[in-house]
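The lines below spell out each chain.
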Amino acid sequence: MPVQSPISSVNDFVVRFANVNGSGSASANEMFARLILRHGVPVSPRNIFPSNIQGLPTWYEVRVTEDGHLGARGGVDLMVAMNPQTWDKDLASIEPGGYLFYDSTKPMPSSKFRADVTVIGVPLTAITNSTYTDPRQRQLFKNIIYLGALCALLDMDPKLVEQLIAEQYRAKEKLLSSNVHALHLGRDWALQNLKCPIDLRVRKADKVGDRIFIEGNSAAALGAVYGGATVCAWYPITPSSSLADAFAGHCKKLRHDPQTGKAKYAIVQGEDELASIGIVIGASWNGARAFTATSGPGISLMQEFIGLSYFAEIPAVIMNVQRAGPSTGMPTRTQQCDILACAYASHGDTKHVLLFPEDPAEAFEFAAQSFDLAERLQTVIFLMLDLDIGMNHRLCRPLKWDDARQYDRGKVMTAEMLDEGRDFGRYLDVDGDGIPYRTYPGTHPTKGSFFTRGTSRDRYARYSEEGAVYADNMQRLVRKFETAQDMVPRPLQANAAKPTKYGVVYFGSTAPAMDEAIGLLEARGHQLDRMRIRAFPFHSSVASFIADHDFVYVVEQNRDAQLRSLIVNENGIDPVRLVPIRHYDGTPITARFIAGAIGDHQDQLKVTPLRKVKS
């Protein structure tokens, strides 16, 4: 018996599955998460997987949270330990009073357990071996059997999981019945041999509402479809490959002519990332809306073409699903580590627009918006996703689209405008916003044509290496970037319940953990105003927010505090006033980490130094 009372909680705990990559566990683990949702209880799952195909450890974590917290919490309440290789590490991650579920077919020495953890042994291998003879069936159905046992242990409705199985195998009657049978093998064994339920329980609720359950990469790909993208050029790279795959799937449903069946889109896998961005720029120059999906190493290869897009002012969209780096880094771990690389991509003086969605709903909205921005600003737009958003299912508000919305193609000079005698200079700023007019190829038989390349030219696209001409063009690009401040999504600000001289700035996938951390900090007596930055260039409200506070914490998931550096560089702010809160081990940032780091710093600020007493 454990020396500590077992954790007792309803609809508020963390379950982690420790498996081996390639064991077929992914389907059963995701089904577990969906089963909790069917009970009306929000979940926040995260898949932690290796960068090989088969054989290495993999984990799938499900946070069950009736309060709706969607960030990672930290700690594990119930560990489903199915991988002997990671046993010690998995055991150590269990919270005191937590539970260990394992395959007890082979006896384990007492030294392999913890006295403060409740051990639940189920002879999974023995059950499968006595039921199935085929080795692959034994492996696959073992996962369903432990799902059945968990149904009994956590007091979940077996009819709901039967519905999930029926939906998954609706066209395969044999697989449907065999999976249901395996489910009940595990559930019946647990009911007959274990005390069910344990003190961790799932109780039906109505807390999911109308929210949907979707991966960020799929949502961003759908946003590209609705945003008018007709060309996707890409090269496979984790964790962005599923975005291009999702775009292909969405296009098959939404981008085929209903009468002829003809595809109204082009998806090209280039020979590398450099070729992919080149295709995007070429397609965009011809008037198509085009994008590529990549990650940090791809951004490194695309630098020269990104500079061409910036300097020749050709629209392009890059969806960067960030991963841990540098070099090839950790392809299957998340970070927010490409901020500076993208903001100043290419050589020379460049500045690029970055959009920071917090969840799949914003990934959809910002992806669609990025194509309008690319054409309005005639430049490359970066949609800054990361693995945590892109490759994990997340509850979010329903995706919405206004069918009356018109695409904004920006300043395009038509044949009629040219015939009217309008002065056309490809790099001529006629409105003072830094944005010139452009023409599509073939706009007019004799007017509106221009020649440009990645070298200097004057306002009428005539080649020139004169210093004054170059400086004039570069200064216009600065004006255009300043214009972008009022086009991109503005920061969202929330004030503390009480006046405070402290603030916090954060962005992207940090948002769910940050929202929860605010409550933990308030419980410690700390009040913070907060601002979520949603785009670069920074709106003027960012500098105002920082100016209104003595100290502002900048929370981000990289080693070098890249957002903080960007804020200091762009706003001329004293870096001492910006306190970096950095998390960069490749796992998603947690509310506990944020609250601990900020809380400890706040506690130090409250300590009154001893004054020297004069004699």
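Residues numbered from 1 in each chain as written. Predicted model: local features only at pLDDT ≥ 70, side-chain atom pairs only at ≥ 80, totals over all residues. Heavy atoms only, no water.

A few points about the pattern of salt bridges
Next up, step 1: With the rule as written, the count across this model stands at 35 salt bridges.
Next up, step 2: Linking Glu362 and Arg534 is a salt bridge whose minimum nitrogen-to-oxygen distance equals 3.1 Å. In this pair, Glu362 sits in helix α13 (residues 360-377) while Arg534 sits in the loop between β19 (529-533) and β20 (535-536), placing the two residues 172 residues apart along the sequence. Arg534 matches Glu362 in its accessibility class, with the two residues each being buried. (Salt bridge = Lys/Arg side-chain N within 4 Å of Asp/Glu carboxyl O. Helix = DSSP H or I, 4+ residues; strand = E, 2+ residues; numbered from the N terminus. Buried < 20%, exposed > 50% of the residue type's maximum accessible area, 1.4 Å probe, protein only.)

A short note on the state of the cysteines
Next up, step 1: Taken as a whole and assessed by the stated rule, the structure comprises zero disulfides.
Next up, step 2: Among the cysteines around Cys151, which has no disulfide bond, Cys196 carries the closest sulfur, lying 11 Å off.
Next up, step 3: Of the cysteine sulfurs around Cys251, a residue in no disulfide, the closest is that of Cys232, at 8.2 Å.
Next up, step 4: On the accessibility criterion, Cys251 (0% relative accessible area) is buried. (Disulfide = S-S within 2.5 Å.)

Focus on the packing of aromatic side chains
Two numbers describe a pair of aromatic rings. These are the distance of the centres and the angle of the planes.
Next up, step 1: What the rule picks out here adds up to 17 aromatic pairs.
Next up, step 2: Relative to Phe32, the ring of Phe17 lies with its centre 5.2 Å away and its plane at 75°, an arrangement referred to as edge-to-face. With Phe17 in strand β2 (residues 12-20) and Phe32 in helix α1 (residues 25-38), the pair connects residues that are 15 residues apart, well separated along the chain.
Next up, step 3: Residue classification places Phe32 among the buried residues on the basis of a relative accessible area of 0%.
Next up, step 4: Geometrically, the ring pair formed by Phe364 and Trp401 is edge-to-face, given 6.3 Å between the ring centres and 80° between the ring planes. Of the two residues, Phe364 is situated in helix α13 and Trp401 in the loop between β16 (393-396) and α15 (415-419); the sequence distance between them amounts to 37 residues.
Next up, step 5: According to the relative accessible area criterion, Phe364 is buried, its value standing at 3%. (Phe/Tyr/Trp six-rings, centres within 6.5 Å; stacked < 30°, edge-to-face > 60°.)

Points about the pairing of strand β7 (residues 118-122)
Next up, step 1: The buried count for β7 comes to four of five residues, which makes it a mostly enclosed element.
Next up, step 2: Alignment of strand β6 (residues 94-103) against β7, held across five bridges, turns out to be parallel. Bridge pairing in β7 links Phe101 to Ile120. (Pairing = 2+ DSSP bridges.)

Some thoughts on the sheet that holds strand β13 (residues 316-322)
Next up, step 1: The mixed open sheet is built from seven strands, whose spatial order is β11-β10-β12-β13-β15-β14-β20. Since the sheet does not close on itself, it has two edges, and those belong to β11 (266-269) and β20, each with one partner.
Next up, step 2: Pairing analysis gives two bridges linking strand β14 (residues 353-355) to β20, with the strands arranged antiparallel. Along β20, the bridge assignment pairs Leu354 with Phe536.
Next up, step 3: Packing of α13 onto the sheet brings it into contact with β12 (290-294), β13, β14 and β15 (380-386), and relative to β15 it is tilted by some 165°. (Contact = heavy atoms within 4.5 Å. Axes fitted to C-alpha atoms, helices over the stretch in contact; angles between N-to-C directions.)

Examining the sheet that holds strand β21 (residues 551-556)
Next up, step 1: Strands sit in the order β17-β19-β18-β21-β22 across an open sheet of five strands; the sheet is mixed. Of all strands in the sheet, those bounded by a partner on one side alone are β17 (492-494) and β22 (578-582). The average undirected angle you get between the axes of adjacent strands in this sheet is 20°.
Next up, step 2: Both strand β18 (residues 502-507) and β19 contribute to a ladder of five bridges, which runs parallel. Within the sheet, the bridge partner assigned to Phe507 lies in β19 and is Ile533.

A closer look at the side chain of Ser25
Next up, step 1: Checked against the element boundaries, Ser25 lands in helix α1.
Next up, step 2: Among the residues examined, Ser25 registers a relative accessible area of 5% and is labelled buried.
Next up, step 3: In terms of polar contacts, Ser25 uses its side chain to reach the side chain of Ser23, at 3.4 Å.
Next up, step 4: The residues contacting Ser25, other than those within four sequence positions of it, are Asn19, Asn143 and Tyr146. (Polar contact = N/O pair within 3.5 Å; in protein donor to acceptor, adjacent residues only side chain to side chain.)

Considering the nonpolar core
Next up, step 1: Ranked by size, the top nonpolar core spans 78 residues in total, and within it Phe291, Met319 and Phe382 carry the most contacts.
Next up, step 2: Ignoring any residue separated from it by four or fewer positions in sequence, one finds Met319 in contact with Ala220, Ala224, Leu243, Phe291, Thr292, Ala293, Thr294, Ala367, Phe371 and Leu383.
Next up, step 3: Ranked by size, the runner-up nonpolar core spans 55 residues in total, among them Ile127, Leu147, Leu154 and Leu395. (Core = buried A, V, L, I, M, F, W, Y, C linked by side-chain atoms within 4.5 Å.)

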